[in-house]
Protein chains: 2
Amino acid sequence: MKQQLILAFLAMALTMSGQEELRNTAGGAPVVHNDGRVTFALKAPRARQVLLALDNNREQPMTQANDSVWILTTPALKPELYRYHYVVDGLKTLDNDNVYVMRDVSTVRNYIIVPGAAADLYRVQDVPHGNVSLVWYDSPTLKTRRRMAVYTPPGYDAGRSYYPVLYLLHGSGGDETAWLEQGRAAQIADNLIAQGKANPMIIVMPNGNVDEQAAPGSTPEGLITPTFNHKQWMDGSFEQSFGDIIDFVTKNYHVSNNKRKRAIAGLSMGGYHALYISANRPETFGSVGLFSAAVTPRNNPGSTVYRDLESKLKVQFNERPKLYWIGIGKEDFLMSDNLKLREILDRNHWRYTYHESEGGHEWRNWRNYLSEFLQLAF
Amino acid sequence: MKQQLILAFLAMALTMSGQEELRNTAGGAPVVHNDGRVTFALKAPRARQVLLALDNNREQPMTQANDSVWILTTPALKPELYRYHYVVDGLKTLDNDNVYVMRDVSTVRNYIIVPGAAADLYRVQDVPHGNVSLVWYDSPTLKTRRRMAVYTPPGYDAGRSYYPVLYLLHGSGGDETAWLEQGRAAQIADNLIAQGKANPMIIVMPNGNVDEQAAPGSTPEGLITPTFNHKQWMDGSFEQSFGDIIDFVTKNYHVSNNKRKRAIAGLSMGGYHALYISANRPETFGSVGLFSAAVTPRNNPGSTVYRDLESKLKVQFNERPKLYWIGIGKEDFLMSDNLKLREILDRNHWRYTYHESEGGHEWRNWRNYLSEFLQLAF
């Protein structure tokens with residue numbers, strides 16, 4: 001009987017390898033050492049050259065450790081989420097031994113997390129977790145159904161409290177999944193709430209591309225290749241349709257009606273959206289976060305959405321926002337846009353928080369800005 | 001001014017390539033032709049040999065179309081979701097031009113959909129979509145918090161109707177995301193509901209591995225490599241803790257208390273779970289679906305969960321289930337298990353629906369079984 005069981009197990013194990021190819025254990029997923037060094041290994045027996053492309057760094061040659069495995073150990077890396085891929089004889093390839101991948105527009109890459117400091121907020125910790133939903137809503141203004149991602153904090157379902165809500169907007173090339181995937185928004189919120197550094201809140205992540213209903217692959221267009229180029233973007237239409245999103249959230253979630261419990265923030269194009277949505281609805285948002293925000297109107301500068309920014313900001317700042325937070329990296333190509341906006345704010349003596357970081361237009365900054373903003377917004 | 005705008009655009013476009021590497025358009029994602037043929041193309045200039053690994057088929061050599069691009073056009077393929085990868089000089093690699101990937105245990109692969117027939121149910125169509133949530137709940141029995149995926153049908157939020165609920169269980173090596181990702185459960189439900197072939201229903205997809213709280217990467221263990229090998233599995237503990245899941249769903253969703261509006265189904269290990277959970281709770285489920293189900297107790301045959309199956313089934317069938325549905329492929333290694341179960345049912349003259357398909361222990365069968373089951377369960 002025991003033998004039969006063993007045979008049954010063997011049969012199962014063998015057949016299951018049909019579900020999943022037998023795993024190559026000679027290479028292995030990257031090993032993150034305690035001191036922050038990371039050992040990358042790739043099995044590529046017939047390769048002549050293997051490079052490691054780690055984040056935005058230059059590609060580095062790996063060393064052939066034996067007949068088949070190529071290896072590279074980095075110096076100690078700063079705690080951070082790092083994307084990487086390999087380049088084998090000129091071919092970009094993912095790591096077969098690491099199932100953790102994320103998409104940036106039309107590029108899928110592996111990632112690892114070097115723990116410690118700020119990066120500990122990006123890790124899943126042993127704390128209560130909020131729920132994450134992909135939710136369809138009606139947009140009467142855009143005459144279509146659209147999808148948003150929604151984070152509800154731990155305990156949300158149990159209580160009937162009225163929660164603060166943050167509308168968190170993605171950048172050009174992104175969609176409603178970007179802040180969850182690359183932004184680690186759910187992990188950051190879980191961890192800050194657990195540490196008592198942020199109040200439990202709902203985070204609403206809509207899709208800011210008015211010409212798509214949802215992220216690529218989740219629409220009737222099928223498995224299309226995602227693109228930066230949208231037929232319609234930054235022309236005022238997303239800002240004008242934003243009331244549909246607020247209406248839906250107000251009707252379907254336990255959210256506070258108090259302006260000080262309503263915030264909006266976004267990165268790049270999402271910062272542009274946050275700037276103009278909040279300026280055009282001066283009584284709606286108590287806190288505003290502009291992360292590497294575009295400022296200059298792009299495709300439809302004559303739109304009522306974009307006209308008279310300074311006089312709109314005047315009304316908004318007369319209402320005394322709880323927080324007006326601007327973050328940008330020293331090397332960001334949108335620095336001049338942000339200087340222009342800050343000049344307007346400065347010359348009117350309107351109070352805002354300015355956070356200048358290292359680096360440029362990149363997710364490591366935006367994750368960090370979100371971590372800062374969540375602690376101050378409510 | 002116009003020139004400035006153009007310059008700003010150029011600067012933006014160039015800098016944005018920092019967010020995303022410039023896309024190689026010389027290869028390109030697979031092209032699915034109208035007749036079902038598919039052209040695969042991979043840019044691999046320095047490769048000596050490139051193979052296409054399509055689903056479970058043998059690897060096929062691709063042809064060097066020019067200096068850098070390798071090409072293969074298949075014969076007309078049956079409508080289906082197909083996974084694939086390339087093998088370049090012995091190295092398994094994903095398609096850099098196709099962002100659509102899915103994980104099967106510890107293997108990430110690209111996929112395409114050849115439309116038509118049953119596969120049209122797996123595509124996102126222009127129909128109302130349900131919402132999908134990842135939801136944490138308390139399991140007092142297992143003394144931990146755990147995660148489930150929940151599909152709610154279009155219109156769920158608006159009404160206060162009481163919906164039928166299907167508990168849909170994954171197989172060994174899977175987790176709460178498997179039915180959504182590989183099973184296309186949300187697309188299948190959306191499409192069948194839109195066609196009037198299935199009643200709007202809630203689908204609850206719990207995690208059947210009692211030694212993990214949630215899918216790999218979503219727990220404090222971090223970015224671990226997923227595995228088939230669980231410390232604890234098929235030992236009765238998941239079945240015993242299932243009441244926690246029903247309790248949570250009953251409390252938090254608009255579900256009917258009518259037994260005929262409650263179904264349970266699962267694939268492989270999930271079929272095993274569905275078999276024993278429903279047999280041990282004979283008054284709970286009106287419909288039961290066993291997809292390539294394991295039947296023979298594995299790790300703890302003496303458990304009260306697994307003892308006296310026949311007398312438990314007797315009580316269950318005395319209650320006249322609306323549907324007892326068994327599906328399995330001709331080549332499935334669990335065929336003998338299923339024959340054993342059917343012998344019990346046959347000799348007692350208990351009514352069940354038997355669906356024997358081509359193929360073996362594979363997702364193309366399970367997607368199809370789900371499509372059948374949803375039309376009959378409620």
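Values in this document were obtained by computation on a predicted structure and should not be read as measured data. (Residues numbered from 1 in each chain as written. Chains lettered and ligands numbered in written order. Predicted model: local features only at pLDDT ≥ 70, side-chain atom pairs only at ≥ 80, totals over all residues. Heavy atoms only, no water.)

**What about the overall build of chain A?**
- Across its full length, chain A carries nine helices and 18 strands.
- Over its C-alpha atoms chain A spans a radius of gyration of 23 Å, differing by no more than 12% from the 21 Å that the globule rule assigns to 378 residues.
- With respect to the three principal axes, the spread of C-alpha positions in chain A is 75 × 50 × 45 Å.
- When burial is assessed residue by residue, chain A has 61% of its 378 residues classed as buried.
- For chain A, contacts bridging at least 24 residues in sequence account for 73% of all contacts bridging at least 6.
- Taken as a whole, chain A presents about 15,000 Å² of accessible surface, with 49% of it coming from carbon and sulfur. (Helix = DSSP H or I, 4+ residues; strand = E, 2+ residues; numbered from the N terminus. Rg over C-alpha atoms; globule rule 2.2 N^0.38 Å. Buried < 20%, exposed > 50% of the residue type's maximum accessible area, 1.4 Å probe, protein only. Contact = heavy atoms within 4.5 Å. Areas by Shrake-Rupley, 256 points an atom, 1.4 Å probe, with all protein chains shown as cover.)

**Comments concerning the sheet that holds strand S6 (residues 69–73) of chain B**
Residues and elements named next belong to chain B.
- Ordered in space as S1-S2-S6-S5, the four strands form an open sheet in which the pairing is antiparallel. Since the sheet does not close on itself, it has two edges, and those belong to strand S1 (31–32) and strand S5 (63–64), each with one partner.
- Bridge count for S5 against S6 is two bridges, and the pairing is antiparallel. The residue bridging Thr63 from the neighbouring strand is Ile71, located in S6. (Pairing = 2+ DSSP bridges.)

**Here's the deal with the relation of the copies chain A and chain B**
- At an RMSD of 0.0 Å, chain A and chain B line up after a rotation of 180° and a shift of 0.0 Å along the axis. The relationship between the two copies is best expressed as a two-fold rotation axis. Of every C-alpha in chain A, the one belonging to A:Ser133 sits nearest the axis of rotation, 2.0 Å from it.
- Interface overlap between copies: 96% of the residues of chain A at the interface are likewise at the interface in chain B, consistent with a symmetric, same-surface contact. (Least-squares fit on C-alpha atoms with pLDDT ≥ 70 in both.)

**Structural notes on the packing of helix H3 (residues 185–194) of chain B against helix H9 (residues 363–376) of chain B**
Residue and element names in this part refer to chain B.
- At a minimum axis separation of 10 Å, H3 and H9 run at an interaxial angle of 35°. By crossing handedness, the relation of H3 to H9 is classed as right-handed. Within the contact between the two elements, H3 uses Ala185, Ile188, Ala189 and Leu192 and H9 uses Arg367, Leu370, Ser371, Leu374 and Gln375.
- Looking at the contact of H3 with H9 residue by residue, the classes come out as six nonpolar, two polar and one charged. (Axes fitted to C-alpha atoms, helices over the stretch in contact; angles between N-to-C directions. Left-handed = near helix turned anticlockwise from the far one by under 90°. Nonpolar A, V, L, I, M, F, W, Y, C, P; charged D, E, K, R; others polar.)

**Let's talk about the nonpolar core**
- Counting residues in hydrophobic clusters, the biggest one holds 87 residues, and the most contacted among them are A:Phe291 and B:Phe291.
- Dropping the residues within four chain positions of it, B:Phe291 is found in contact with B:Leu168, B:Trp179, B:Ala265, B:Gly266, B:Leu267, B:Ser268, B:Trp325, B:Gly327, B:Trp366, B:Tyr369, B:Leu370 and B:Phe373.
- Formed by 52 residues, the second largest nonpolar core is a distinct cluster that contains B:Ile246, B:Leu275, B:Ala293 and B:Leu313. (Core = buried A, V, L, I, M, F, W, Y, C linked by side-chain atoms within 4.5 Å.)

**Re the interface of chain A and chain B**
- Across the boundary between the two partners, chain A contributes 79 residues, which contact 76 residues of chain B.
- Together, the buried faces of chain A and chain B total about 6,900 Å²; carbon and sulfur atoms form 56% of this surface.
- Linking chain A with chain B are two salt bridges, by the criterion used here.
- Here chain A is connected to chain B by 18 residue pairs in polar contact (both at pLDDT 80 or more).
- Of all elements in the fold, only helix H1 (2–19), strand S2 (38–43), strand S7 (80–88), strand S8 (91–93), strand S9 (101–104), strand S10 (107–114) and strand S11 (131–139) of chain A reach the threshold of two or more residues within the side of chain A that touches chain B.
- Sorting elements by how many residues they give to the side of chain A that touches chain B places H1(A) first, with nine residues.
- When the residues that make up the side of chain A that touches chain B are grouped by side-chain class, the tally is 37 nonpolar, 26 polar and 16 charged. (Buried area = accessible area lost by both parts, 1.4 Å probe. Salt bridge = Lys/Arg side-chain N within 4 Å of Asp/Glu carboxyl O. Polar contact = N/O pair within 3.5 Å; in protein donor to acceptor, adjacent residues only side chain to side chain.)

**What about the sheet that holds strand S1 (residues 31–32) of chain A?**
Residue and element names in this part refer to chain A.
- Strands sit in the order S1-S2-S6-S5 across an open sheet of four strands; the sheet is antiparallel. With one partner strand each, in any of the chains shown, S1 and strand S5 (63–64) form the two edges of the open sheet.
- Relative to S2, S1 is paired through two bridges, and the arrangement is antiparallel. In the strand pairing of S2, Val32 is matched with Val38.

**Focus: the packing of aromatic side chains**
- Under the defined criterion, the tally for this structure stands at 44 aromatic pairs over all chains.
- Judged by centre distance (5.8 Å) and plane angle (70°), the ring pair of A:Phe291 and A:Tyr369 falls under edge-to-face. Of this pair, A:Phe291 sits in strand S16 (residues 287–291) while A:Tyr369 sits in helix H9 (residues 363–376), and the two are 78 residues apart along the sequence. The same class applies to A:Phe291 as to A:Tyr369, namely buried.
- An aromatic cluster of three or more residues is present, and its members are A:Trp179, A:Phe291, A:Trp325, A:Trp363, A:Trp366, A:Tyr369 and A:Phe373.
- Seen from the ring of A:Tyr122, A:Arg367 lies directly overhead, with NZ or CZ sitting 5.4 Å from the centre.
- Geometry around B:Tyr354 places B:Arg342 over its ring, the cationic atom sitting 3.5 Å from the centre. (Phe/Tyr/Trp six-rings, centres within 6.5 Å; stacked < 30°, edge-to-face > 60°. Lys NZ or Arg CZ within 6 Å of the ring centre and 35° of its normal.)

**Side note on the confidence of the model for chain A**
- Confidence in the prediction of chain A, expressed as mean pLDDT, is 92, and 93% of residues score 70 or more.
- Quick note on the complex model: pTM equals 0.92, ipTM equals 0.92. (pLDDT = per-residue confidence, 0-100.)

**Looking at unusual backbone geometry**
All names here are of chain A.
- One non-glycine residue, Asp55, lies in positive phi territory at about 50°.
- Overall, Asp55 belongs to the partly exposed group, its relative accessible area being 22%.
- The backbone phi angle of Ser292 is positive, close to 50°, even though this residue is not glycine.
- Relative to the assigned elements, Ser292 resides in the loop between S16 and helix H7 (309–318).

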